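# Coordinates in review
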Amino acid sequence: MEWLGLYNYWVVVVLMMTGFYVVIAQGNLIKKIVGLNIFQTSVFVFYISLAKLDGGTAPVYVEGVSAYTNPLPHVLILTAIVVGVALTAMGLALAVRVYEAYGSIEEDEINAQDEQDA
Amino acid sequence: MIEHHLPALQVLLPLFAAPLLMFLVRWPTLAWALTTAVCWATFLVSALLLEAVWAGDPISYAHGGWEPPYGIEYWVDTANALVLLIVSGISAIVMPFARDSVEQEIPRDRIAWFYTAFLLANAGLLGIAITGDAFNIFVFFEISAIASYALIAMGRDRRALLASFTYLIMGTIGTTFLLIGIGFLYMMTGTLNLADLAERLPAVRDTSTIRAAFAFIAVGVSLKLALFPLHLWLPNAYTYAPSMVTVFLSATATKVAIYVLLRFFYSVFGVEFSFGVLPMGYVLMPLALLGILIPSIVAIFQADVKRMLAYSSVAQVGYIILGFSFASTLGLMAAMLHLFNHAVTKAALFMALGAIVYRIGSTRIDAMAGIARDMPWTMAAFVVGGLSLIGIPLTAGFVTKWYLLLAALEAGLWPIAVFLLATSLIAVIYIWRVVEAAYFRERPAGAAPVREAHPALLLPTWTLALASVVFGIHTALPIGAATRAAEILLGGYP
């Protein structure tokens, strides 16, 4: 039953593949960004999982406790979350501009319009 | 005192200047002047850094006084000092060119924002090259990437928006893969410092976790450096971006990503692991060869010169990766040399195109028919850059092709030597198409008269065009730097 103990890593794999699939399969720009977010979230969960120690507490010195959870990956992932927010904002802003320029955010419709221009 | 803090200044100058520009929205010329000053200052810093590490030992800079490996370390040796010099040098030379080009292509009220994004992209790229911390590489990758998405989206054509969006999706997948790889490395070694990683990896490297880390980092960074077949974002992004952005990104963005891959493969994982335990040579070499051949052929059939040069950039990445895949000092040195020479050459070519866009507003080959008579200096610079791209003797491009050839022969792979000569001929074809149109065709009937681009555009273009000739004749600086860089990368961290 060892694989059950690693269930958060299974969650990571499922989230990652779901997000990745959405990014590739969806033609809608907003849905692509949603997929990208799910994909990135899986990595956040991954970092948080790898730092967790069974029975470990917060890294504050307490009498009688010897097992601490590693705080560093949590701090790292805070940075990565901020980066993710910036990326989402950038992606959404681009989607808005695309909508203003083409009147659509469906990839195939946009490509069809571009081909007409060419 | 101040020279002690040069590694920090290298990144902090553009990073801190960027938000200041936001106060200059109403004075675009002032924003340009400040950006130019900052770019030249960073160029000076990187020149001083290269000089310092050329003669002496590598520089280790502990940020905020936190000793590595606990704090974030900036690490400068000849290998990344060369990359820093390329990035800051190109940004310094492109700035005088940028003033008119940007004024024409970007709405006046957005010029200051444009330069803000440019400085952020610059800071990000310099940061990737200088940092000695794996997670820091990821953060700087994203800083430069997000700024580049904004820069590309400011192109005049509405297709720039979708090009930027595609780049955003593919770039984010690339950097997220890198992040996963770094997570695996941290899991096994408990460190993020690159030198420290190199020290601790051998003990744990025969685990599937480390192999997975290697795979994620290799694929993630390959996406960023546009290794064939992960290059799909590049042609559109370069074609529709504003002229000045194309010059800057084509010369620096993919180069810095290549440097990161070199650093991980050679210094962190080590040659023995990357090319012995995991046969990366057999993966990279076919991809490099296909990456030279297919985009070169595709380039021939492009109606738009900017897009043609973008495909040629993918092919040039192939040449660099080819040198890289030999896993020999000579091959690595050829790769580092081409990093430098191609940055100079391609920037010169894209600048000449930028000057043409400034005058005729188009980069289509039909629109360029007969313009050599009216814009002789611009087209001459294009021809010089084109010759260097092909690899004619007495140009920088020849020097790298020569060393690639030697590296291929040294590895006993003479078919690759033949292949190199054959693909150079493909470059002759696509450069010739432009030359033929510009020099030997008549201006289309009814076309508006064209004047020569003015000196502010011509001077930077010619500086780089001449540089691609000078570095083909006086090869001491690039070859010396590239050789030392190759030795350092192969030697790993001291």
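Refer to the structure above for everything that follows.
Within any chain, residue numbers begin from 1 and follow the written order of that chain's sequence. Each chain is given a letter, starting from A, and each ligand a number, starting from 1, according to the order in which they appear as written. Residues qualify for local features only when their pLDDT is at least 70, as the model is predicted, and side-chain atom pairs are given and counted only at 80 or more; totals for whole chains, interfaces and linings, by contrast, use all residues. Side-chain metrics in this entry use all non-hydrogen atoms of the structure; hydrogen atoms and water are not considered.

### Some details on the interface of chain A and chain B
Note on interface size: it is often stated as the accessible area lost on association of the parts. Contact criterion: two residues are considered in contact whenever any of their non-hydrogen atoms come within 4.5 Å of each other. With 35 residues of chain A at the interface, the matching set in chain B holds 28 residues. We define a salt bridge as a contact between a side-chain nitrogen of Lys or Arg and a carboxyl oxygen of Asp or Glu at a distance within 4 Å. Inspection of the chain A/chain B interface yields zero salt bridges. In the analysis that follows, any N or O atom pair within 3.5 Å is treated as a polar contact, provided that within protein one partner can donate a hydrogen and the other can accept it, and provided that, for residues neighboring in sequence, both atoms belong to side chains. Taken together, the connections running from chain A to chain B amount to five residue pairs in polar contact (both at pLDDT 80 or more). Comment: elements are numbered from the N terminus, with helices defined as DSSP H or I runs of at least four residues and strands as E runs of at least two. Looking at the side of chain A that touches chain B, the elements that each hand over two or more residues are α2 (7-25), α3 (29-51), α4 (72-102) and α5 (107-117) of chain A. Residue contributions to the side of chain A that touches chain B peak at 15 residues, all from α4 of chain A. Partitioning the side of chain A that touches chain B into residue classes produces 25 nonpolar, six polar and four charged. The nonpolar class holds Ala, Val, Leu, Ile, Met, Phe, Trp, Tyr, Cys and Pro. Asp, Glu, Lys and Arg form the charged class, and all remaining residues, Gly among them, are polar.

### Points about the side chain of T252 of chain B
With respect to the element layout, T252 of chain B can be found in helix α10 (residues 243-268). With near-sequence residues (within four places) excluded, T252 of chain B lies in contact with I86, V87, I90 and L125 of chain B.

### Here's the deal with the nonpolar core
The tendency in soluble globular proteins is for nonpolar side chains to be buried as a group. For this analysis, a nonpolar core means a set of buried residues of the types Ala, Val, Leu, Ile, Met, Phe, Trp, Tyr and Cys, connected via side-chain atoms within 4.5 Å. Residue burial is assigned from relative accessible area. The probe radius is 1.4 Å, only protein chains are included, and a residue is buried under 20% of its type maximum, exposed over 50%, and partly exposed in between. Judged by nonpolar contacts, the single largest core of 232 residues is most densely connected at Y115, F264, F265 and F324 of chain B. What F264 of chain B contacts, discounting residues up to four positions off in sequence, is A134, I137, L178, L185, L194, I217, F269 and G270 of chain B.

### What about the pattern of salt bridges?
Residues and elements named next belong to chain B. Summed over all chains, the structure comprises seven salt bridges over all chains. Residue R200 pairs with D196 through a salt bridge whose shortest N-O separation is 3.2 Å. Linking R200 with D196, this pair stays in helix α7 (residues 194-204), spanning four residues, or about one helical turn. A salt bridge links E272 to R205; the nearest nitrogen and oxygen atoms lie 3.3 Å apart. Remark: R205 occurs in the loop between α7 and α8 (208-224) and E272 occurs in helix α11 (residues 271-277); sequence separation between them is 67 residues. The class of E272 is exposed, set by a relative accessible area of 57%. A relative accessible area of 19% means that R205 is categorised as buried.

### Some remarks on a nonpolar patch on the surface
Note on patches: the residues involved have over 30% relative accessible area and no salt bridge, like charges join within 9 Å, and the nonpolar side chains Val, Leu, Ile, Met, Phe, Trp and Tyr join within 5 Å. Each accessible area is a Shrake-Rupley result for a 1.4 Å probe, and residues are judged covered by the shown protein chains and nothing else. Taken together, L6, Y7, W10, V11, V13 and M17 of chain A make up a surface patch of nonpolar side chains, about 600 Å² in accessible area. Inspection of the secondary structure assignment puts W10 of chain A in helix α2.

Read these as geometric descriptors, not functional statements.
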